[in-house]
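Structural characterization, general
Listed below, chain by chain, are the residues.
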Amino acid sequence: MNGLIGKKIGMSSLYDEQGKNIACTVIEMNPNVVTQVKSEDTDGYNSIQLAYGEAKAKNTSNALKGHFEKAGTGPKMKLIEFKDAITDKSLGDTVRVEEVFIEGDLVDATGISKGKGFQGVVKRHGFRGVGDATHGQHNRLRAPGSIGAASYPAKVFKGMRMAGRTGTDRVKIQNLEVLKVFPEKNLLVIKGAVPGHKGSFIIIEK
Amino acid sequence: MDPIKFVEEQTLIKPDFPDFRPGDHIAVTYRIIEGDKERSQVFKGDVIQINGSGGTKTFTIRKMSNGVGVERIFPFSSPILSDIKVLKRGKVRRAKLFYLRDLVGKKARIKERRR
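Residues numbered from 1 in each chain as written. Chains lettered and ligands numbered in written order. Predicted model: local features only at pLDDT ≥ 70, side-chain atom pairs only at ≥ 80, totals over all residues. Heavy atoms only, no water.

1. Points about the domain arrangement of chain A
Residues and elements named next belong to chain A. Domain parsing of chain A yields domain 1 (3-118 + 170-205) and domain 2 (119-166). Its C-alpha centre places domain 1 at a distance of 39 Å from the equivalent point of domain 2. Between domain 1 and domain 2, the residue contacts involve four residues of the former and seven residues of the latter. Summed over both partners, the interface of domain 1 with domain 2 buries about 450 Å², with 58% contributed by carbon and sulfur atoms. When residues of domain 1 are sorted by the area they lose upon contact with domain 2, Lys 116, Gly 117 and Phe 118 head the list and together hold 97% of the total. For the pair domain 1 and domain 2, the number of links is four residue pairs in polar contact (both at pLDDT 80 or more). Residue composition of the side of domain 1 that touches domain 2, by class: one nonpolar, two polar and one charged. (Domains from an automatic or database assignment. Contact = heavy atoms within 4.5 Å. Buried area = accessible area lost by both parts, 1.4 Å probe. Polar contact = N/O pair within 3.5 Å; in protein donor to acceptor, adjacent residues only side chain to side chain. Nonpolar A, V, L, I, M, F, W, Y, C, P; charged D, E, K, R; others polar.)

2. Some thoughts on the pairing of strand β10 (residues 170-182) of chain A
All names here are of chain A. With six bridges joining them, strand β7 (residues 106-112) and β10 adopt antiparallel strand pairing. Within β10, the position partnered with Gly 111 by the bridge is Val 171. The sheet contact formed by β10 and strand β11 (residues 187-191) spans four bridges and is antiparallel. Paired with Val 181 across the two strands is Leu 188, which belongs to β11. Linking β10 to β11, which pair antiparallel, is a turn of four residues; within it Asn 186 sits at a positive phi near 55°. (Pairing = 2+ DSSP bridges. Helix = DSSP H or I, 4+ residues; strand = E, 2+ residues; numbered from the N terminus.)

3. Observations regarding the side chain of Ser 113 of chain A
Tracing the chain through its elements places Ser 113 of chain A in the loop between β7 and β8 (117-119). What Ser 113 of chain A contacts, discounting residues up to four positions off in sequence, is Gly 167, Thr 168, Asp 169, Val 171, Pro 195 and Gly 196 of chain A.

4. Here's the deal with the interface of chain B and chain A
Listed per partner, the contact involves 17 residues of chain B and 18 residues of chain A. Here chain B meets chain A over a buried area of about 1,300 Å², counting both sides, of which 76% is carbon and sulfur. Run the count over chain B and chain A and you get zero salt bridges. On inspection of chain B and its partner chain A, the count reaches one residue pair in polar contact (both at pLDDT 80 or more). At seven residues, the largest contribution of residues to the side of chain B that touches chain A is made by helix α1 (residues 3-11) of chain B. Class assignment for the residues of the side of chain B that touches chain A results in 10 nonpolar, six polar and one charged. (Salt bridge = Lys/Arg side-chain N within 4 Å of Asp/Glu carboxyl O.)

5. Notes on the sheet that holds strand β1 (residues 3-15) of chain A
With antiparallel pairing, six strands are arranged side by side around a closed barrel as β1-β2-β11-β10-β7-β12 (chain A). Each strand of the sheet is rotated relative to its neighbour by a mean of 50°, with strand direction disregarded. Across the sheet, α1 of chain B touches β1, β2 (21-28), β10 and β11 of chain A, and the angle it forms with β1 of chain A is around 55°. (Axes fitted to C-alpha atoms, helices over the stretch in contact; angles between N-to-C directions.)

6. Some thoughts on the packing of aromatic side chains
Two descriptors summarise a pair of aromatic rings, namely the distance from one centre to the other and the angle between the planes of the rings. Residue and element names in this part refer to chain B. This structure, assessed with the given rule, holds eight aromatic pairs over all chains. When the ring of Phe 20 is compared with that of Phe 59, the centres are 5.1 Å apart and the planes differ by 75°; the resulting orientation is edge-to-face. Taken together, the positions of Phe 20 in the loop between α1 and β1 (25-34) and Phe 59 in strand β3 (residues 58-65) put the pair 39 residues apart, joining distant regions of the chain. Across this residue pair, the class does not change: Phe 20 and Phe 59 are buried. By way of ring pairs, the aromatic residues Phe 20, Tyr 30, Phe 43, Phe 59, Phe 74 and Phe 76 are connected into one cluster. (Phe/Tyr/Trp six-rings, centres within 6.5 Å; stacked < 30°, edge-to-face > 60°. Buried < 20%, exposed > 50% of the residue type's maximum accessible area, 1.4 Å probe, protein only.)

7. Topic: the sheet that holds strand β4 (residues 68-75) of chain B
All names here are of chain B. The strand order across the open sheet built from five strands is β4-β3-β2-β1-β5, with neighbouring strands paired in antiparallel fashion. Taken across any chain shown, the strands that pair with only one partner, and hence form the sheet edges, are β4 and β5 (81-88). Averaged over all neighbouring strand pairs, the angle between strand axes comes to 40°, with direction disregarded. In terms of strand pairing, strand β2 (residues 37-51) meets β3 through five bridges, oriented antiparallel. The residue bridging Asp 46 from the neighbouring strand is Arg 62, located in β3.

8. Considering a positive patch on the surface
On the surface, a cluster of positive charge is contributed by Lys 114, Lys 116, Lys 123, Arg 142 and Lys 198 of chain A. The partly exposed category is assigned to Lys 116 of chain A, whose relative accessible area is 39%. (Patch = residues over 30% accessible without salt bridge, like charges linked within 9 Å, V, L, I, M, F, W, Y side chains within 5 Å. Areas by Shrake-Rupley, 256 points an atom, 1.4 Å probe, with all protein chains shown as cover. Lys, Arg positive; Asp, Glu negative; His and termini not counted. Charge placed at Lys NZ, Arg CZ, Asp CG, Glu CD.)

9. Some points on unusual backbone geometry
All names here are of chain A. In this structure, the amide linkage connecting Tyr 152 to the following residue, Pro 153, adopts the cis form with an omega of 10°. Structurally, Pro 153 is set in the loop between α4 (121-125) and β9 (164-166). You will see that Asn 139, though not glycine, has its phi angle at about 45°, which is positive. When you line up the elements, Asn 139 lands in the loop between α4 and β9. With a relative accessible area of 59%, Asn 139 lands in the exposed category. Notably, Asn 186 is not glycine yet its phi reads approximately 55°, a positive angle. With respect to the helices, strands and loops of the structure, Asn 186 is situated in the loop between β10 and β11.

Laid out in structure tokens, this is it:
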């Protein structure tokens, strides 16, 4: 197995041997259920599909209900496919957090970042604004500046970075260290921050 | 149980230092790691605040060093703390003694608490 689905619980901090305070994120990783196994013969590639989080039956489509029934499990909220997973797990098996991650592993965390609403170019694209704060300047501090030339090309190029909706992007943070694994509570503690709000789904890959 | 509290309980060391309050004069012994050498240092001063709770609880101590005020903040659960001794109990009327920063000399003294 090379990855699992979890839920972000929140952040905390702990100390290393040098006495340094390290920020960490706590991720809940209840056992993931294998809902589909793809192989070279049937699908042309090897992968394993995992499901996480209890869902209500009334909120699940009939198509998905049948899919979960095949695996012998109840409706789940999140389905993720992990490609090239080397595993002997078969349909309906559960994968626990301690089977995949050990302390000291370097992992990637993928999630949906927090929504920030309609933001200007300084926050959204890291622009620096125009000019000074003083010397007679006014209302230019967070402005985008020029967005193109004049009568040639007589248009604004597509993809010009401007203000707009920010956040709620799929973001992957690479090379985060696994600090602790608590199998008895199905918890994973990762160094640093992961994308998304508390309670959002996080994909952790090795 | 709250998973974050569980993680903090499992990972943070619980200090068994004597109780002290703002206004107390204490001596903190802490370890300093320089390369592969380790030595201890003592910081003596008045506790001017106790801040936070749980794993992030800290205390601030202030001392006068050659006429310059020096403050240091220690987390209670920091592994570098090796010992805390209460030298004097102080009698103060508030929890945060930031007014001491504006006082020098005789005015910056804290009355001793007698039981």
